[in-house]
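Next come the chains, spelled out residue by residue.
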Amino acid sequence: MIINNNELKFAEKVILIDAAYIDKVTTDLSQHFSQVIGRELPKADLPIFLECVAMDAAIQPGEHVLQVLLVYDKNHAKLNAFNPSDLKKALNDVAFKSQLGEFQLNTFEPSDMADREAFFLESVKLVADAKEVKHLVVIPSETEYGDKLPEIFEKVDGKESIHVLGMNPPAPSKHFQWEMLGYAVLQALGIRSDEI
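What you see is a predicted model, and the numbers here were worked out from it, not measured in a lab.

**Student:** I'm lost on the overall build of the protein in this one. Help?
**Tutor:** A count of helical and extended segments in the protein gives 6 helices and 11 strands. Relative to a compact globule of 196 residues, whose C-alpha radius of gyration would be 16 Å, the protein shows 16 Å and is just as compact. If you line up the protein on its principal axes, its C-alpha atoms span 50 × 35 × 35 Å. A total of 196 residues make up the protein; the buried ones form 48% of that total. Put simply, 73% of the contacts in the protein that link residues at least 6 apart link residues at least 24 apart. Accessible surface, the protein: about 10300 Å² in total, of which carbon and sulfur atoms supply 49%.

**Student:** Can you help me understand the packing of aromatic side chains in this one?
**Tutor:** Where two aromatic rings form a pair, the distance of their centres and the angle of their planes describe that pair. Tallied over the entire structure, the rule returns 4 aromatic pairs. Measuring from centroid to centroid gives 5.3 Å for Phe49 and Phe82, while their planes differ by 65 degrees, and the two rings are edge-to-face. One end of the pair, Phe49, is in helix α2 (residues 46-56); the other, Phe82, is in strand β6 (residues 82-83), and 33 residues separate them in sequence.

**Student:** I keep staring at the confidence of the model for the protein and nothing clicks. Help me out?
**Tutor:** Across the protein, the average pLDDT comes to 92, with 96% of residues at 70 or higher. Considering only residues more than four positions removed or in separate chains, one finds that residues 1-6, a stretch of pLDDT under 50, has 13 contacts.

**Student:** Teacher, can you tell me more about the sheet that holds strand β9 (residues 135-139) here?
**Tutor:** In a beta sheet, neighbouring strands pair by backbone hydrogen bonds and run either parallel or antiparallel. An order of β7-β8-β5-β3-β9-β10-β11 is seen for the 7 strands of this open sheet, with the pairing classed as mixed. Looking at the sheet topology across the chains shown, the edges are occupied by β7 (94-98) and β11 (177-180). When the angles between neighbouring strand axes are averaged without regard to direction, this sheet yields 20 degrees. In terms of strand pairing, β9 meets strand β10 (residues 161-166) through 4 bridges, oriented parallel. When the sheet's bridge partners are listed, His135 is paired in β10 with Ser161. Contacting β3 (13-18), β5 (64-71), β9 and β10, helix α1 (residues 19-37) runs over the sheet at an angle of about 70 degrees to β3.

What counts as what
Residues numbered from 1 in each chain as written. Predicted model: local features only at pLDDT ≥ 70, side-chain atom pairs only at ≥ 80, totals over all residues. Heavy atoms only, no water. Helix = DSSP H or I, 4+ residues; strand = E, 2+ residues; numbered from the N terminus. Rg over C-alpha atoms; globule rule 2.2 N^0.38 Å. Buried < 20%, exposed > 50% of the residue type's maximum accessible area, 1.4 Å probe, protein only. Contact = heavy atoms within 4.5 Å. Areas by Shrake-Rupley, 256 points an atom, 1.4 Å probe, with all protein chains shown as cover. Phe/Tyr/Trp six-rings, centres within 6.5 Å; stacked < 30°, edge-to-face > 60°. pLDDT = per-residue confidence, 0-100. Pairing = 2+ DSSP bridges. Axes fitted to C-alpha atoms, helices over the stretch in contact; angles between N-to-C directions.

Here it is as structure tokens:
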């Protein structure tokens, strides 16, 4: 996120993630699948995870800029299931390149006046309302506040695509596409299809 003339500037492609949620899902899947396939799994590779999320959201290879915004709270300042993991030091204001383009990562912690849920939902509204954003990918905490997203997306106009990734399909909506988050997690954990 670039602050310029007191205005927030976004890329055309934005991936907004609840860090605590992806950490919980990845921890759970890692524990489950390590028992299923009979081997200890490494920490999930965050760049591979982000690439898979982008591909699941139909982003094609190219010279894109993909802005990744990770929201966390003081109870979740580290991603226990991922490498790299430190949201404040290792994952803020960094970038990496892949076949999809350049992923630019920024992390955000709500102030004491807002909890993670309120901050995340406000962030969704802010990014969804930004005219420059054409492709929006959102990974919310389904169990905590995922049911509030359809109402936000009903009011959004001018987007080429909105994708929500999660583990439990919501009611069908014409305002966004839902994708299964688990596939990206399994890839990031290094689980091969022939193992399951």
